[in-house]
Amino acid sequence: MSLYLKQIEQLISLQKVDDEIHGIKVELEGAPKELESLRARFADVEARRLRQEDKMAHLRDQEKRLGMEIEDDSVRLKKSKSKLMQVGNSKEYHAMVREMDSLERVNRNRDEEKTALIEEVERQKSTSEEIETEYATIEAELKTCEAGLEARVRQAETALEKLNAQRSKTAVEVPAPVFARYEFIRERLRHPVIVPVSGGVCTGCNISIPPQGFIELQKGTQILSCPNCRRLMYWSEHFTPTAE
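Residues numbered from 1 in each chain as written. Predicted model: local features only at pLDDT ≥ 70, side-chain atom pairs only at ≥ 80, totals over all residues. Heavy atoms only, no water.

Trainee: Talk me through the nonpolar core; I want residue IDs and the actual numbers.
Mentor: Ranked by internal contacts, the top residues of the largest apolar core, which has 29 residues, are Ile8, Leu11, Ile209, Leu217 and Leu232. Put simply, the parts of the chain that give this core at least two residues each are helix 1 (3-84), helix 3 (176-186), strand 1 (194-198), helix 4 (211-219) and strand 5 (232-235). No other element matches the 6 residues that helix 1 contributes to this core. If near-sequence neighbours (up to four positions away) are discounted, Leu232 is found in contact with Leu11, Arg181, Tyr182, Ile185, Val193, Ile194, Val195, Ile223, Leu224 and Ser225. Membership of the second largest hydrophobic core comes to 11 residues, among which are Leu38, Phe42, Cys145 and Leu149. (Core = buried A, V, L, I, M, F, W, Y, C linked by side-chain atoms within 4.5 Å. Buried < 20%, exposed > 50% of the residue type's maximum accessible area, 1.4 Å probe, protein only. Helix = DSSP H or I, 4+ residues; strand = E, 2+ residues; numbered from the N terminus. Contact = heavy atoms within 4.5 Å.)

Structure follows, in structure tokens:
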């Protein structure tokens, strides 16, 4: 194997370790965000739940008030009917009849209001049940996430320790100038640092490299950078099973 291919192979090995490190760091960054997202969802459903409870309490108060009013009017109507039998003249009789008609109209209106209120209570009960189900689901999910987050972080940090030790060993095998170049790019660009070129296209930025650059890359004499994304690159055909 030529010196060039040996160095590319060393860089690919280093990149594989960095791939694993990158994956764990992404997980460590993403885990708190996942928890934060769940907490936001829980806060939202909790607020809706409280609003729904207030709405149901208001409807129950209305139902209670309306029931008392209907009962009071029924008592008044019975009293009016009793008094009607004791009226001494037609003027008083007609006045009592008008009062009873008025009470009956009010009662009919209140009965209609009560029917509409009962229907609304049933609708809101259904909404309350849906919210309660959602609340219980997210609450359970949140507790599980909170409990598991600490364990996940511990596992990730342990794995990261081992990988960093492995990286140090792998980095020693790379010639110092090549490693310095790799680190310079790693600190300034998004992951990854070294990528294959397939069909004349850099797989780091998915842009074709100039024909002359591709010819130089195929020669395999020096480590080149993509003119577009500046990542280190190698010809994928240099590392096919046949070439190996």
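Trainee: So, helix 2 (residues 90-172): which residues are in play, and what are the values?
Mentor: The terminal C-alpha atoms of helix 2, which comprises 83 residues, lie 118 Å apart, in line with the 123 Å expected from a rise of 1.5 Å per residue. At Gly148, helix 2 shows its largest kink, close to 30°. (Expected span 1.5 Å × (residues − 1). Bend = angle between axes of the 7 residues up to and from the residue.)

Trainee: Now, about the sheet that holds strand 1: what can you tell me, with residues and values included?
Mentor: Pairing between the strands of a sheet is mediated by backbone hydrogen bonds and can be parallel or antiparallel. Ordered in space as 3-2-1-5-4, the 5 strands form an open sheet in which the pairing is mixed. Looking at which strands have only one partner, the edges of the open sheet turn out to be strand 3 (207-208) and strand 4 (224-225). Across 4 bridges, strand 1 lies against strand 5 in parallel orientation. Bridge pairing in strand 5 places Val197 opposite Trp235. Contacting strand 1, strand 4 and strand 5, helix 4 crosses the sheet at an angle of about 70° to strand 5. (Pairing = 2+ DSSP bridges. Axes fitted to C-alpha atoms, helices over the stretch in contact; angles between N-to-C directions.)

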